[in-house]
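# Structural overview for review
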Amino acid sequence: MPQLQHPLPSVQAYVDHFSAQPLPVLRHTVRALAALRHGEESIGARPLAAIVLSDPLMTMRLLTHIERNRRQSQNHDITTIERAVMMLGVEPFFTAFGALPTVEEALADRPRALVGVLRVIARARQVADLAREFAIVRRDLDVQEITVAALLHEATEIVCWIFAPELALQVQARQAAQPGLRTAEAERAVFGVSAAEIQLGLVRAWRLPELLVPLLDASQQDNPRVRTIQLAADFARHLAHGWDDPALPDDIAAIEALLHLGREALLQRLGMPEAIRPRFLPPAPTSD
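Residues numbered from 1 in each chain as written. Predicted model: local features only at pLDDT ≥ 70, side-chain atom pairs only at ≥ 80, totals over all residues. Heavy atoms only, no water.

The next subject is helix α1 (residues 11–19). Taken as a whole, α1 has its buried residues at Ala13, Tyr14, Val15, His17 and Phe18. For α1, the elements touching its buried residues are α10 (155–163), α12 (183–191) and α13 (195–205). (Buried < 20%, exposed > 50% of the residue type's maximum accessible area, 1.4 Å probe, protein only. Helix = DSSP H or I, 4+ residues; strand = E, 2+ residues; numbered from the N terminus. Contact = heavy atoms within 4.5 Å.)

Another point: the side chain of aspartate 55. Structurally, aspartate 55 can be placed in the loop between α3 (45–53) and α4 (56–68). Arginine 125 provides the closest opposite charge to the buried, unpaired aspartate 55, separated from it by 6.1 Å. Within the structure, aspartate 55 has its side chain in polar contact with the side chain of threonine 29 (distance 2.7 Å). With sequence-adjacent residues up to four places away left out, aspartate 55 is seen in contact with Val25, Leu26 and Thr29. (Lys, Arg positive; Asp, Glu negative; His and termini not counted. Salt bridge = Lys/Arg side-chain N within 4 Å of Asp/Glu carboxyl O. Polar contact = N/O pair within 3.5 Å; in protein donor to acceptor, adjacent residues only side chain to side chain.)

Among the secondary structure elements, threonine 228 is positioned in helix α14 (residues 224–239). In contact with threonine 228, not counting residues within four places along its chain, are Ala131, Phe134, Ala135, Arg138, Ile146 and Leu258.

Below, the discussion takes up the packing of helix α8 (residues 111–137) against α10. Between two packed helices, what matters for the description is the angle formed by their axes and the separation of those axes. The contact between α8 and α10 brings their axes to 9 Å, and the two run at 165°. Judged by the inter-axis angle, α8 sits roughly antiparallel to α10. Relative to α10, the crossing made by α8 is left-handed. Together, Arg112, Ala113, Gly116, Val117, Val120, Ile121, Arg123 and Ala124 of α8 and Glu157, Ile158, Trp161 and Ile162 of α10 make up the contact between the two elements. (Axes fitted to C-alpha atoms, helices over the stretch in contact; angles between N-to-C directions. Parallel < 35°, antiparallel > 145°, perpendicular 65-115°, else oblique. Left-handed = near helix turned anticlockwise from the far one by under 90°.)

Under the counting rule described, the total for this entry stands at 16 salt bridges. When the shortest N-O distance is used, the salt bridge between arginine 269 and glutamate 133 registers 2.6 Å. One end of the pair, arginine 269, is in helix α16 (residues 263–269); the other, glutamate 133, is in helix α8, with 136 residues separating them in the sequence. Note on arginine 269: relative accessible area 44%, which makes it partly exposed. In this structure, the salt-bridge partner of glutamate 256 is arginine 263, at a minimum N-O distance of 2.8 Å.

Right, dumping it as structure tokens:
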């Protein structure tokens, strides 16, 4: 699997390079699918979908496969994983995804990069969980669609770790040396472009469902569904540094404004430890 050692000259060059590579999945996903296939019970769409949704890379592979093989009579996008599995069928699913390369194989000789990509994948799952919670509070019409789009929000960073591990490690080193350095600035310093600038090009090259494209476009912040995903991603990224991250108060205020939820109820939903909640609550009114 060819891995970049030096930056490329443009966003399109990255899109062309990354989209030409076979996308690996987690080794756990391969094992879980094999165990399900060879189990004694009959296989339904729901357990298959649960395995797919635990891995953003497998989610991308399935949605891309569905889009590339859609029939002319299919005039609507499939944007949720259980529907995608049902449309494909259980046996065709295993036929299509019987032999998959793994992330662990791709990065076998780069253990630090493997740790890096596994952290981003864990964060992607957290973003999806948070966005799902926010969408439920907002009574979004399609919570599962939001969940899938949120899971894919970190897709380009994941791909950079897999196909350009040395460059991704340089980004990590810059941020470690300058704790206040924004991720996009560090990426531009190393890659010449940011992951967000590559994202939409990759989404189209992978032929993900068109309905998901605007949800992954961070420029559309006036759209409450896009904002749901972006705020979940911002919060998860900052929380990775601990509850003392200086950006968290602004994140929480923005989420509160989006959800119209009381501050105490919001902090509870966000899983904030009770001991530190007073720091994020408004001061109690004083009596004259």
